[in-house]
Amino acid sequence: MHATLTIARLSAGYPRRPVIRDLSLPPLPAAAVTALVGPNAAGKSTLLKALAGLVQAEGRVQFGDAELLRMPLAARADLIGFMPQALPQGVALSVLESIVAAFEASRPDELAGADAARRAVATLDRLGIADLALDSLDQLSGGQRQLVSLAQALVREPRLLLLDEPTSALDLRHQVTVMEAARSLAAEGRTVLVVLHDLNLAARWAERVVVLDHGRVAAIGTPAEALTARTLAAVWGVAARIEQDPAGIPHVVVEGALPPAPGGPAAHPFDPRPTAA
Ligand SMILES: Nc1ncnc2c1ncn2[C@@H]1O[C@H](COP(=O)(O)OP(=O)(O)OP(=O)(O)O)[C@@H](O)[C@H]1O
């Protein structure tokens, strides 16, 4: 079940709009949570969609023995659970029905019915939202919709989980529930890649952090290695100091926005391009 994810020379984007250019990453470990962070429009969602087969991509993406970009989409969907930023509106299903449907979409065999219902209930339980089972999808709050969307991604127990901002609409308690679920799914041997805007959430829950900016990797490593004051200045344009809590977890304290760098955006800490004079 343990499979690392290796991305090499990946380019991805939309018609006439390249977003990810020639991106390579050291193997992302299995049984671990990797946070993908970066400013708005950095290409985080595009990267997740490229891995899930939802946008055009070229290059090599190796997951264990599987070469994802060369697999038929149905086989890829079997391996991957993708949670999008937003659930589609206007779906006339109950929460439970939507999760059963997500399960059956990839298991269209006769046994699916009973198995799917059992799995759907267990997944809702795992996320602490079993009480929503009979509610209509269209009457949920933003945070409840997000939890249901996560349940839809989890129900097939995929080996690779791609979660796009799973906590953005959640209250504090539910943020913790989701990040604990991500950690326990990883502990079961899954590879979890999660887009987060909250850098302190990333530092607290992820073993590894990838900072993406303008479709390129600006920093990668443990939270302490990737989330430095220098990277925060170069990538987000904010002045910040990094403190350590007693458990050794870095904590980002933002002091304020930096003025725009003269001559354009600041160079990344390891950007090979020469800096503007
Ligand atoms: N369907 C699309 N067609 C064309 N361009 C798109 C499409 N979706 C996104 N883009 C562009 O791709 C770039 C990267 O967008 P993406 O959604 O991957 O960024 P992101 O890092 O996830 O941003 P955010 O943090 O704001 O969600 C942006 O410039 C965006 O305008």
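Bear in mind the structure is a predicted one, so any value in this text is a computation, not a measurement.

**Quick word on the overall build of the chain**
Consideration 1: Helix and strand counts for the chain stand at 9 helices and 12 strands.
Consideration 2: Taking 19 Å as the expected radius of gyration for a compact globule of 277 residues, we find that the chain reaches 19 Å, a close match to that expectation.
Consideration 3: Overall, the chain is about 65 × 40 × 35 Å in size when its C-alpha atoms are taken along their principal axes.
Consideration 4: Expressed as a percentage of its 277 residues, the buried residues of the chain come to 40%.
Consideration 5: Considering only intrachain contacts with a sequence separation of at least 6, the fraction spanning at least 24 residues in the chain is 63%.

**Observations concerning the sheet that holds strand β1 (residues 5-14)**
Consideration 1: Judged by pairing direction, the sheet is antiparallel, and its 4 strands sit side by side in the order β2-β1-β4-β5 without closing on themselves. Edge positions in the open sheet fall to β2 (17-28) and β5 (66-67), since each of these has one partner strand only.
Consideration 2: In this sheet, strand β4 (residues 56-63) lies alongside β1 in antiparallel orientation, the contact comprising 7 bridges. Its bridge partner being in β4, alanine 12 is matched across the sheet by alanine 57.
Consideration 3: With respect to the sheet, helix α1 (residues 44-52) is in contact with β1, β2 and β4, its orientation differing from that of β1 by roughly 110 degrees.

**What about the site of the ligand?**
Consideration 1: All residues in the neighbourhood of the ligand are listed as Tyr14, Arg17, Val19, Gly38, Asn40, Ala41, Ala42, Gly43, Lys44, Ser45 and Thr46.
Consideration 2: Broken down by secondary-structure element, the contributors of at least two residues to the shell around the ligand are β2 and α1.
Consideration 3: Element by element, the count of residues in the shell around the ligand is highest for α1, at 3 residues.
Consideration 4: Residue composition of the shell around the ligand, grouped by class: 4 nonpolar, 5 polar and 2 charged.

**Here's the deal with the sheet that holds strand β9 (residues 208-213)**
Consideration 1: Taken in spatial order, the 6 strands make up an open sheet running β6-β7-β8-β3-β9-β10, and their pairing is mixed. Strand pairing shows two members of the sheet lacking a second neighbour, β6 (80-83) and β10 (216-221), which therefore form its edges. Between one strand axis and the next, the sheet turns through 15 degrees on average, direction left out of account.
Consideration 2: When β6 meets strand β7 (residues 160-164), the two strands line up parallel, connected through 4 bridges. Counted as the bridge partner of isoleucine 80 is leucine 160 from β7.
Consideration 3: Sheet strands touched by helix α9 (residues 229-236): β9 and β10. Its angle to β10, the strand with the most contacts, is close to 160 degrees.

**Thoughts on the pairing of β2**
Consideration 1: Relative to β2, β1 runs antiparallel, the two sharing 6 bridges. Looking across to β2, one finds that isoleucine 7 is bridged to leucine 25.

**Brief notes about the packing of helix α3 (residues 95-104) against helix α5 (residues 142-154)**
Each pair of packed helices can be described by the angle between their axes along with the distance between the axes.
Consideration 1: Between α3 and α5, the shortest axis-to-axis distance is 8 Å and the interhelical angle comes to 30 degrees. By the angle between their axes, α3 is roughly parallel relative to α5. Along this stretch, α3 crosses α5, giving a crossing that reads as right-handed. For the pair α3 and α5, contact is made by Val95, Ser98, Ile99 and Ala102 and by Val148, Ala151 and Gln152, respectively.
Consideration 2: Residues that form the contact of α3 with α5 fall into these classes: 5 nonpolar, 2 polar and no charged.

**Points about the nonpolar core**
Consideration 1: In this structure, Ile99, Leu162, Ala182 and Val194 are the most contacted members of the largest nonpolar core, which totals 80 residues.
Consideration 2: Here isoleucine 99 is in contact with Ala120, Thr123, Leu124, Ala151, Gln152 and Val155, once residues within four sequence places are set aside.

**What to know about the environment of alanine 52**
Consideration 1: One can find alanine 52 in helix α1.
Consideration 2: Owing to 22 C-beta atoms within 10 Å, alanine 52 belongs among the buried residues under this scheme.
Consideration 3: In this structure the C-alpha to C-alpha distance between alanine 52 and isoleucine 80, which are 28 residues apart in sequence, comes to 6.8 Å.
Consideration 4: Each residue touching alanine 52, except ones within four places of it in the same chain, is listed here: Ile80, Phe82 and Leu162.

**As for the confidence of the model for the chain**
Consideration 1: Mean pLDDT over the chain: 89, with 91% of residues reaching 70 or higher.
Consideration 2: Under a pLDDT of 50 for its full length, residues 269-277 has, in the predicted model, 9 contacts with residues more than four places off or in other chains.
Consideration 3: Among the prediction metrics, the complex's ipTM stands at 0.98, with pTM recorded as 0.91.

**Focus: the environment of alanine 169**
Consideration 1: Considering the arrangement of structural elements, one finds alanine 169 in the loop between β7 and α6 (172-187).
Consideration 2: Overall, the presence of 17 C-beta atoms within 10 Å leaves alanine 169 in the partly exposed class.
Consideration 3: Residues alanine 169 and valine 194 lie 25 residues apart in sequence; the distance between their C-alpha atoms is 15 Å.
Consideration 4: The contact partners of alanine 169, leaving out residues within four places of it in the chain, are Gly142, Gly143 and Gln146.

Basis of the calculations
Residues numbered from 1 in each chain as written. Predicted model: local features only at pLDDT ≥ 70, side-chain atom pairs only at ≥ 80, totals over all residues. Helix = DSSP H or I, 4+ residues; strand = E, 2+ residues; numbered from the N terminus. Rg over C-alpha atoms; globule rule 2.2 N^0.38 Å. Buried ≥ 20, exposed ≤ 12 C-beta atoms within 10 Å, placed from the backbone. Contact = placed C-beta atoms within 7 Å. Pairing = 2+ DSSP bridges. Axes fitted to C-alpha atoms, helices over the stretch in contact; angles between N-to-C directions. Near = placed C-beta within 6 Å. Nonpolar A, V, L, I, M, F, W, Y, C, P; charged D, E, K, R; others polar. Parallel < 35°, antiparallel > 145°, perpendicular 65-115°, else oblique. Left-handed = near helix turned anticlockwise from the far one by under 90°. Core = buried A, V, L, I, M, F, W, Y, C linked by C-beta atoms within 7 Å. pLDDT = per-residue confidence, 0-100.

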